[in-house]
Amino acid sequence: MARSSGPFSSPPGSVFPDPSVLEGVTAPAFAHLPDPATLFARRAERFARLAQDHPLGPYLSFLAHIARAQHVAAERAPAPEPPDAEAVERARTHEMPPLDRSHFTSDPAFESLFDRLLSQARAIEKPEPAEAALAHMLAASEAERGEMIRNVLADSIPVEALAEHLYVAAALQVHFARLASVLDASRLVPVGDGVCPACGGPPVASVVVDWPAAAGARYCACALCGTWWNFVRVRCTACGSTGGIAYQEVEGGQGSAPGAIKAETCDACHSYAKVLYLAKDPDLDPVADDVASLGLDLKQKEGPYRRATFNPFLLGY
Ligand SMILES: [Zn+2]
Ligand SMILES: [Zn+2]
């Protein structure tokens, strides 16, 4: 699989020069790193747009404000300690992701970012459970926060505290996007099906892009750090099976253009994951559109497939 090289790795979802064009290579780049300067601002815009005339309008609008708060935190909070260069190379040698989420411990930079995000969240108009959860978070002990951080990084959020974990996940997304953004995309290697090559997390969804020279290529989008990695089409992003793959969609009510979002179902592992098609709707954002297309998840509840992907904003799914 070809990999990007050089400094041209660009923010997913933005209008950027495709690295394979610049380098005269026809294969799509393996990975695109997130750009924290634009990632959350664009997501905030997308959430706000999706909130219009949508059954989940008030919640999507709340998430637009959360994404806006993430953007401000990414701009203003002190920069995190960059990943240790030797550890990054060691991880590559062992085909492991360079950002080790299982050993993450909070530090002053993260605390500062988290406090900034929580304080901004106070001013956001929000549903009652989100208000109560914020009060809980503001009063939470260090140990409680630590436990919630571990839950989010293990992709295992207890249903009784979904709203609290939403704030923790929002802070962790900013922190890990900033860490991922300083990696070298050309040094990332595949670390397994359904696993982000930067942070080891699961995807939130996958995106079929329409970029010049990579048109029709598919990328999985990390739910935590926002890295996109190349993944062949018509192949289960959870188990890697190429047999027993089918597609389902629902008509309307999702905020995106018709045919822009489908559920890719897999008969080998009985899971499904959403696929977003940029050619159908250039403004798609994996995190925002995943929440807005909840109708597709509700449809799957009737069938044999369980959701394989992770989104801390899609409460209860
Ligand atoms: Zn990641
Ligand atoms: Zn599968």
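You'll find the structure just up there.
Structural notes, computed from the coordinates. (Residues numbered from 1 in each chain as written. Chains lettered and ligands numbered in written order. Predicted model: local features only at pLDDT ≥ 70, side-chain atom pairs only at ≥ 80, totals over all residues. Heavy atoms only, no water.)

Below, the discussion takes up helix α5 (residues 108-121). The end-to-end C-alpha distance of α5 is 20 Å, a good match for the 20 Å that 14 residues give at a rise of 1.5 Å each. Those residues of α5 lying buried are Ala 109, Phe 110, Leu 113, Phe 114, Leu 117, Leu 118 and Ala 121. Taken end-on, α5 shows its buried residues confined to a sector of 160 degrees, consistent with a single buried face. Among the structural elements, α3 (57-76), α6 (128-139), α7 (142-153) and α8 (162-181) are those in contact with the buried residues of α5. (Helix = DSSP H or I, 4+ residues; strand = E, 2+ residues; numbered from the N terminus. Expected span 1.5 Å × (residues − 1). Buried < 20%, exposed > 50% of the residue type's maximum accessible area, 1.4 Å probe, protein only. Arc of directions from axis to C-beta. Contact = heavy atoms within 4.5 Å.)

The next point concerns α6. An ideal rise of 1.5 Å per residue puts 16 Å on 12 residues; α6 measures up with 17 Å between its terminal C-alpha atoms. Every buried residue of α6 is listed here: Ala 130, Ala 133, Leu 134 and Met 137. All buried residues of α6 fall inside an arc of 105 degrees around its axis, so they share one side. In α6, the exposed positions that point more than 90 degrees away from the buried face belong to Glu 128 and Ala 139. On the buried face of α6, the contacting elements are α3, α5, α7 and α8.

On to unusual backbone geometry. Positive phi, normally seen in glycine, also occurs at Asp 53, with a value near 55 degrees. Tracing the sequence through the fold places Asp 53 in the loop between α2 (36-51) and α3. The exposure class assigned to Asp 53 is exposed, which follows from its relative accessible area of 84%. The backbone of His 270 shows a phi angle near 55 degrees, a positive value even though the residue is not glycine.

With that out of the way, let us pick up the coordination of the zinc ion (ligand 2). Here the zinc ion (ligand 2) is held by Cys 236 (SG), Cys 239 (SG), Cys 266 (SG) and Cys 269 (SG), and the distances to it run 2.3 to 2.4 Å. The coordination sphere of the zinc ion (ligand 2) comprises 4 donor atoms, whose angles at the metal cover 107 to 113 degrees; the geometry is tetrahedral. Taken in chain order, the donor set of the zinc ion (ligand 2) reads C-x2-C-x26-C-x2-C. With Cys 239 in the loop between β4 (228-230) and β5 (245-248) and Cys 266 in strand β6 (residues 261-266), this pair connects stretches of sequence that are 27 residues apart. (Donors = N, O, S within 2.8 Å, 3.2 Å for Na, K, Ca; no water. Tetrahedral: all angles 85-135°; square planar, octahedral: opposite > 155°, others 65-115°.)

Right, let's get into the coordination of the zinc ion (ligand 1). Within the protein, the atoms that donate to the zinc ion (ligand 1) are Cys 196 (SG), Cys 199 (SG), Cys 222 (SG) and Cys 225 (SG), at distances of 2.2 to 2.4 Å. Coordination at the zinc ion (ligand 1) is tetrahedral, judged from the 4 donor atoms that bind it and the angles of 96 to 118 degrees they form at the metal. Read from N- to C-terminus, the donor residues coordinating the zinc ion (ligand 1) fall into the pattern C-x2-C-x22-C-x2-C. On the basis of relative accessibility, which here comes to 0%, the residue Cys 196 falls in the buried class. Overall, the relative accessible area of 1% leaves Cys 199 in the buried class.

Where charged atoms from two side chains of opposite charge approach closely, those side chains can pair. Under the counting rule described, the total for this entry stands at 15 salt bridges. Measuring nitrogen to oxygen at the nearest pair gives 3.3 Å for the salt bridge that ties Arg 46 to Asp 281. Of this pair, Arg 46 sits in helix α2 while Asp 281 sits in the loop between β7 (271-277) and α9 (286-292); the two residues are 235 residues apart in sequence, bridging distant segments of the chain. What makes Asp 281 buried here is its relative accessible area of 8%. When the shortest N-O distance is used, the salt bridge between Asp 193 and Arg 235 registers 3.2 Å. Residue Asp 193 is located in the loop between α8 and β2 (203-208), and its partner Arg 235 is located in the loop between β4 and β5; the two are separated by 42 residues in the primary sequence. (Salt bridge = Lys/Arg side-chain N within 4 Å of Asp/Glu carboxyl O.)

With that settled, consider the layout of surface pockets. Quantified by volume, the largest pocket comes out at close to 520 Å³. For the largest pocket, the lining is made up of 26 residues, of which Pro 98, Leu 99, Asp 100, Arg 101 and His 103 are closest to its centre. For the lining of the largest pocket, a count of residues per class yields 14 nonpolar, 6 polar and 6 charged. (1 Å grid on protein atoms, 1.4 Å probe; cavity = no way out; pocket = protein on both sides within 12 Å on 5 of 7 lines; lining within 4 Å. Points joined across faces, edges and corners; volume = space filled by probe spheres on them. Nonpolar A, V, L, I, M, F, W, Y, C, P; charged D, E, K, R; others polar.)

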